Amino acid sequence: MKQKILVTGGTGYIGSHTVVELQAAGYEVVIIDNLSNSNEAVIDGIEKTSGIRPAFLRLDCNDKEGLRTLFGSHTGIRGIIHFAASKAVGESVGKPLAYYRNNIVTLLNLLDLMPEFKIEGIVFSSSCTVYGQPDILPVTEDAPVKPALSPYGNTKQISEEIIRDAIHAGLPFKSIILRYFNPIGAHPGAEIGELPNGVPQNLVPFLTQTAMGIRTELSVFGNDYNTPDGSCIRDYIHVVDLAKAHVIAMDRMLENKTDEKLEIFNLGTGIGVSVLELIHAFEKGTGVKVPYRIVGRREGDIEKVWANPGHANSVLGWTAHETVEDTLISAWNWQKKLRERGIQ
Ligand code: WQD
């Protein structure tokens, strides 16, 4: 019998790729999304990729009564994967109250309703930004959570504490917290990918739009960091590798593969790549030059962070497989498909 899963933010970048992997694993998926940073055409892309059209309802997780109605009509939802949140580090510095309201209230609404509708588990989309600037790299899950350098990162820290305290208080559900590093790339079928509304905040969509001529040049936010080439270092992971980890996590909770009620995993490749190295990897992989200019640092940016993925590798049996060059090629293929369709 197909298990039914709710995916909040399921028309978003990571959400849509996760829906495809959930469907491939035999789950029935219900998507809710307020379409603030995506559009409903993504549902068509999911169907073209997986062959299965997920149920979709335009709904904001801030709307608690709307959520209650949803759970009442879509009976049998056993688990939730919660992606719906604002997620741009730089933007959060300028809009802190909007980030705290959106990212915290939505989680509280879901946790409040889970016991009422006997929903057994929630996979929470967290982030390596909870580590701040780690003292030791690669960073492990037991690294101290340091004061966040951005309101976005702080909302993820607070959300993790809310989940921990709720489970400690005995609320009847489990949770697996997944701390993403930097998801990039697109499904090889190029029917889904990263398509933020407006000017991209993240490096790779801005890079591919620059390569396509949509943007005149890429700004590299600083080359005076304490790194080999002076630019920031991140752990860039293929979004499909990341999506597959969510299915493993949901299986683990619903099949009671562990007695733990709360687990935390880093989802990264374990390889640190600088901004300049990433640009050069893109140019090498695609043969397309990217015009860029070194500018000042971006407030809220962490200097260098990459994962020790050993816990996820050993406990979940999950490993990121794609190289950064192949991942960038998938991002470029997606950008070309958008151009073919006249979307960008
Ligand atoms: C990467 C690097 C920038 C844009 C992201 C998500 C966040 C979280 C962690 C999941 C930085 C530099 C960027 C540009 C640049 N993911 N950069 N020029 O800030 O690491 O955070 O991953 O939860 O949600 O935002 O990603 O792509 O914005 O930046 O030089 O035009 O690229 O300074 O060093 P970031 P990013």
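Residues numbered from 1 in each chain as written. Predicted model: local features only at pLDDT ≥ 70, side-chain atom pairs only at ≥ 80, totals over all residues. Heavy atoms only, no water.

Undergrad: Tell me what's going on with the side chain of Lys4, and back it up with residues and numbers.
TA: By the secondary structure assignment, Lys4 is in strand β1 (residues 4-8). A polar atom in the side chain of Lys4 sits 3.0 Å from the backbone oxygen of Thr75. Discounting residues that sit within four places of it in the chain, Lys4 has contacts with Glu28, Val30, His74, Thr75, Gly76, Ile77, Arg78 and Gly79. (Helix = DSSP H or I, 4+ residues; strand = E, 2+ residues; numbered from the N terminus. Polar contact = N/O pair within 3.5 Å; in protein donor to acceptor, adjacent residues only side chain to side chain. Contact = heavy atoms within 4.5 Å.)

Undergrad: Run through the site of the ligand, naming residues and quoting values.
TA: Surrounding the ligand, one finds 20 residues, the nearest of these being Lys87, Tyr152, Ser219, Arg234 and Asp301. Within the contact set of the ligand, an oxygen atom lies 2.7 Å away from a backbone nitrogen or oxygen of Leu203. Contacts to the ligand include Asp301, whose side-chain N or O atom sits 2.6 Å from an oxygen atom. In the complex, the protein chains occlude 94% of the 690 Å² of accessible area that the ligand would expose alone. Of all elements in the fold, only β5 (121-127) and β8 (218-221) reach the threshold of two or more residues within the shell around the ligand. With four residues, β8 is the single largest residue contributor to the shell around the ligand. (Near = heavy atom within 4 Å. Areas by Shrake-Rupley, 256 points an atom, 1.4 Å probe, with all protein chains shown as cover.)

Undergrad: How would you summarise unusual backbone geometry if you had to cite specific residues and measurements?
TA: Geometrically, the link from Leu137 to Pro138 is a cis peptide bond, its omega value of -5° lying close to zero. Here Pro138 is to be found in the loop between β5 and α6 (151-168). Residues other than glycine seldom take positive phi values, yet Lys118 does so here, at roughly 50°. Position of Lys118 among the secondary structure elements: in the loop between α5 (96-113) and β5. Exposure remark for Lys118: the relative accessible area of 67% places this residue in the exposed category. (Buried < 20%, exposed > 50% of the residue type's maximum accessible area, 1.4 Å probe, protein only.)

Undergrad: Outline the domain arrangement of the protein chain, listing residues and values.
TA: Taken as a whole, the protein chain is organised into domain 1 (4-185 + 236-267) and domain 2 (203-234 + 270-340). Computed from C-alpha coordinates alone, the two centres of domain 1 and domain 2 are separated by 23 Å. Both faces combined, the contact of domain 1 with domain 2 buries some 2,700 Å², and carbon together with sulfur accounts for 71% of it. The tally of links from domain 1 across to domain 2 stands at zero salt bridges. Run the count over domain 1 and domain 2 and you get eight residue pairs in polar contact (both at pLDDT 80 or more). Tallied by class, the residues present in the side of domain 1 that touches domain 2 amount to 17 nonpolar, nine polar and five charged. (Domains from an automatic or database assignment. Buried area = accessible area lost by both parts, 1.4 Å probe. Salt bridge = Lys/Arg side-chain N within 4 Å of Asp/Glu carboxyl O. Nonpolar A, V, L, I, M, F, W, Y, C, P; charged D, E, K, R; others polar.)

Undergrad: Can you break down helix α1 (residues 13-24) residue by residue, with the values?
TA: An ideal rise of 1.5 Å per residue puts 16 Å on twelve residues; α1 measures up with 17 Å between its terminal C-alpha atoms. Burial analysis of α1 places eleven of its twelve residues in the buried class, which makes it a mostly covered element. Among all positions of α1, only Tyr13, Ile14, Gly15, Ser16, His17, Thr18, Val19, Val20, Glu21, Leu22 and Gln23 are buried. Following α1 by one or two positions, Gly26 adopts a phi angle in the positive range, close to 95°. (Expected span 1.5 Å × (residues − 1).)

Undergrad: Can you break down the pairing of strand β2 (residues 28-33) residue by residue, with the values?
TA: Most of β2 is tucked away: five of the six residues are buried. Of the pairings in the sheet, the one linking β1 to β2 comprises five bridges and is parallel in character. Bridge pairing links Lys4 to Glu28 in β2. Chirality of the crossover, the property in question, places the unit of β1, α1 and β2 among those that are right-handed. Pairing of β2 with strand β3 (residues 55-58), which is carried by four bridges, proceeds in the parallel orientation. (Pairing = 2+ DSSP bridges. Right-handed = clockwise from strand over helix to strand, strands pointing away.)

Undergrad: I'd like a description of the pairing of β8, backed by residues and values.
TA: Side chains of β8 alternate between two faces, with Leu218 and Val220 buried and Ser219 and Phe221 left unburied. In this sheet, strand β13 (residues 292-295) lies alongside β8 in parallel orientation, the contact comprising four bridges. Bridging across to β13, Leu218 finds its partner in Tyr292.

Undergrad: Any chance you could break down the environment of Glu325 for me, citing the residues and the numbers?
TA: For Glu325, the location among the structural elements is in helix α11 (residues 324-340). For Glu325, a relative accessible area of 25% corresponds to the partly exposed category. For the pair Glu325 and Thr286, spaced 39 residues apart in sequence, the C-alpha separation works out to 8.7 Å. Once residues lying within four places of it in the same chain are set aside, the contact partners of Glu325 are Ala281, Lys284 and Gly285.

Undergrad: Before we move on, can you summarise the pattern of salt bridges with the specific residues and values?
TA: Per the stated rule, a full pass over the model turns up 22 salt bridges. Across the salt bridge formed by Glu263 and Arg252, the nearest N and O atoms sit 2.7 Å from each other. Here Glu263 is found in strand β11 (residues 262-267), whereas its partner Arg252 is found in helix α8 (residues 239-254), with eleven residues between them in sequence. Salt bridges sharing common partners tie together Asp44, Glu47 and Arg53.

Undergrad: Please provide a residue-by-residue account of the packing of aromatic side chains, values included.
TA: Under the criterion given, the structure shown has three aromatic pairs. On the basis of an interplanar angle of 35° and a centroid distance of 5.5 Å, the ring pair of Phe71 and Phe117 is categorised as tilted. Here Phe71, found in helix α3 (residues 64-73), pairs with Phe117, found in the loop between α5 and β5; they are 46 residues apart in sequence, far enough to count as distant. Given the relative accessible area of 25%, Phe117 is considered partly exposed. The ring of Tyr225 has Arg297 lying over it, and the distance from NZ or CZ to the ring centre is 3.9 Å. (Phe/Tyr/Trp six-rings, centres within 6.5 Å; stacked < 30°, edge-to-face > 60°. Lys NZ or Arg CZ within 6 Å of the ring centre and 35° of its normal.)

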